[in-house]
Amino acid sequence: MIEIEIDKSSGFCFGVVNAIESAERELKKENTLYSIGDLVHNNLEMTRLKGLGLKTINHEELATLRDKTVLLRAHGEPPSTYITAAENNIKILDATCPVVLHLQKRIRECYEEIKNTDTQLVIYGEKGHAEVNGLVGQTAGKAIVIEKTEDLERLDFRKRIVLFSQTTKPLDGFGEIVETIKARMAEGVEFRFFDTICRQVANRLPKIKEFAAAHDRIYFVADEKSSNGKMLFEECKKTNPNTFFISESSEIKTPLPPDVRKVGVCGATSTPKWLMEEVARRIRTLNADVTGQQRCIT
């Protein structure tokens, strides 16, 4: 008998849930709602929302928009977006994650404190990511973005450094950056660092590794655009080599091998629960003739 279990810790984080619910509420009142960029990094969920009337635009298109309603997704936006909206009489529906909003405030206050000094304000994050763009915007574009230890060559370790982190980065990666900077700082030069990683997201890593270890096979469901998905998948794969990345249920083509009895379905913070349930149904259907009966744990 095959057991199919959906990971209870996987799926949308609070910020994404809030953004999607905000969009759905607004679309019940209005035929059209605009979003700067994808509300969530999942093509299937975005297709569903676009069917309800959501239109995705970029910042250049925002500049030409007038008298419309625009939803700001959980990732947050730089101050320039709010200025453009005010100038164009655009109603802002702000669904920025509270954790991101708090981090924006801290970075903005830090920048005001150090902007007339030679202190380097550094953000550990993914270059070009929407959240990181919003954080850098709090510093008039002056923050230095570090993705990996090799990027630290851009810093001057003879000058003060203040370090923050994108909310969705891994804790171990942040720790490595901190220790490397500490080791390279000139004697007597100040280095301050702040762990600003969202624990709701960070805590998924140990949970998903535990989940992966408890099953014979794992189907990790996420969109290829999801940076969180890529990171969690790699950790799943390290824990359980029998882990497969899929973006939709149709990618599963064949029944399970006879030695697989416990199957786990999990995903990223951008993976909708309905999609993981669809994958579980696909597994159940493909294996119905093979096993005769199955147990599905959700």
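Above this text you will find the structure in question.
Residues numbered from 1 in each chain as written. Predicted model: local features only at pLDDT ≥ 70, side-chain atom pairs only at ≥ 80, totals over all residues. Heavy atoms only, no water.

Student: Tell me what's going on with the packing of helix 9 (residues 204–213) against helix 10 (residues 227–239), and back it up with residues and numbers.
Tutor: At their nearest, the axes of helix 9 and helix 10 sit 9 Å apart, and the two run at 40 degrees to each other. Judged by the angle between their axes, helix 9 and helix 10 are oblique. In this structure, helix 9 crosses over helix 10, and the sense of that crossing is right-handed. Two secondary-structure elements touch here, helix 9 through Leu205, Ile208, Lys209, Ala212 and Ala213 and helix 10 through Met231, Leu232, Glu235, Cys236 and Thr239. (Axes fitted to C-alpha atoms, helices over the stretch in contact; angles between N-to-C directions. Helix = DSSP H or I, 4+ residues; strand = E, 2+ residues; numbered from the N terminus. Parallel < 35°, antiparallel > 145°, perpendicular 65-115°, else oblique. Left-handed = near helix turned anticlockwise from the far one by under 90°. Contact = heavy atoms within 4.5 Å.)

Student: Break down unusual backbone geometry for me, citing the residues and quoting the values.
Tutor: Positive phi outside glycine occurs at Asp67, with the angle close to 55 degrees. Tracing the backbone through its elements, the reader meets Asp67 in the loop between helix 3 (59–62) and strand 4 (69–72). Residue class for Asp67 comes out exposed when judged on its relative accessible area of 53%. Non-glycine residue Asn89 carries a positive phi angle of around 55 degrees. Along the polypeptide, Asn89 turns up in the loop between helix 4 (79–87) and strand 5 (91–94). Under the relative-accessibility criterion, Asn89 is labelled exposed at 55%. (Buried < 20%, exposed > 50% of the residue type's maximum accessible area, 1.4 Å probe, protein only.)

Student: Can you explain the side chain of Glu45? Please cite residues and give values.
Tutor: Within the secondary structure layout, Glu45 lies in helix 2 (residues 43–52). Only 2.7 Å separates the side chain of Glu45 from the side chain of Arg48, close enough to count as a polar contact. At 2.8 Å, the side chain of Glu45 forms a polar contact with the side chain of Trp274. The residues contacting Glu45, other than those within four sequence positions of it, are Phe12, Ile20, Val40, Pro272 and Trp274. (Polar contact = N/O pair within 3.5 Å; in protein donor to acceptor, adjacent residues only side chain to side chain.)

Student: Would you mind going over the environment of Val221 in detail, with residue names and values included?
Tutor: Relative to the elements of secondary structure, Val221 occurs in strand 10 (residues 217–221). For Val221 and Gly11, which are 210 residues apart along the polypeptide, the C-alpha to C-alpha distance reads 9.5 Å. With near-sequence residues (within four places) excluded, Val221 lies in contact with Ile246, Ser247, Val265, Cys266, Gly267, Ala268, Thr271, Leu275, Met276 and Val279.

Student: Which residues make up the pattern of salt bridges, and what are the values?
Tutor: When the charged atoms of two side chains with opposite charge come close together, those side chains can pair. Enumeration over the complete set of coordinates arrives at 18 salt bridges. Ionic pairing is found between Glu26 and Lys29, a salt bridge with its closest N-O pair at 3.6 Å. With a gap of three residues between them, Glu26 and Lys29 both fall in helix 1 (residues 14–29), about one helical turn apart. The class for Glu26 is buried, based on a relative accessible area of 4%. Assessed through its relative accessible area of 61%, Lys29 is described here as exposed. Of the charged contacts in the structure, one is a salt bridge between Lys127 and Asp151, with a shortest N-O distance of 3.9 Å. Placement of the pair is Lys127 in the loop between strand 6 (120–124) and helix 6 (130–137) and Asp151 in the loop between strand 7 (144–146) and strand 8 (161–165), with a sequence separation of 24 residues. Look at Asp151 and you get buried, because its relative accessible area is 9%. (Salt bridge = Lys/Arg side-chain N within 4 Å of Asp/Glu carboxyl O.)

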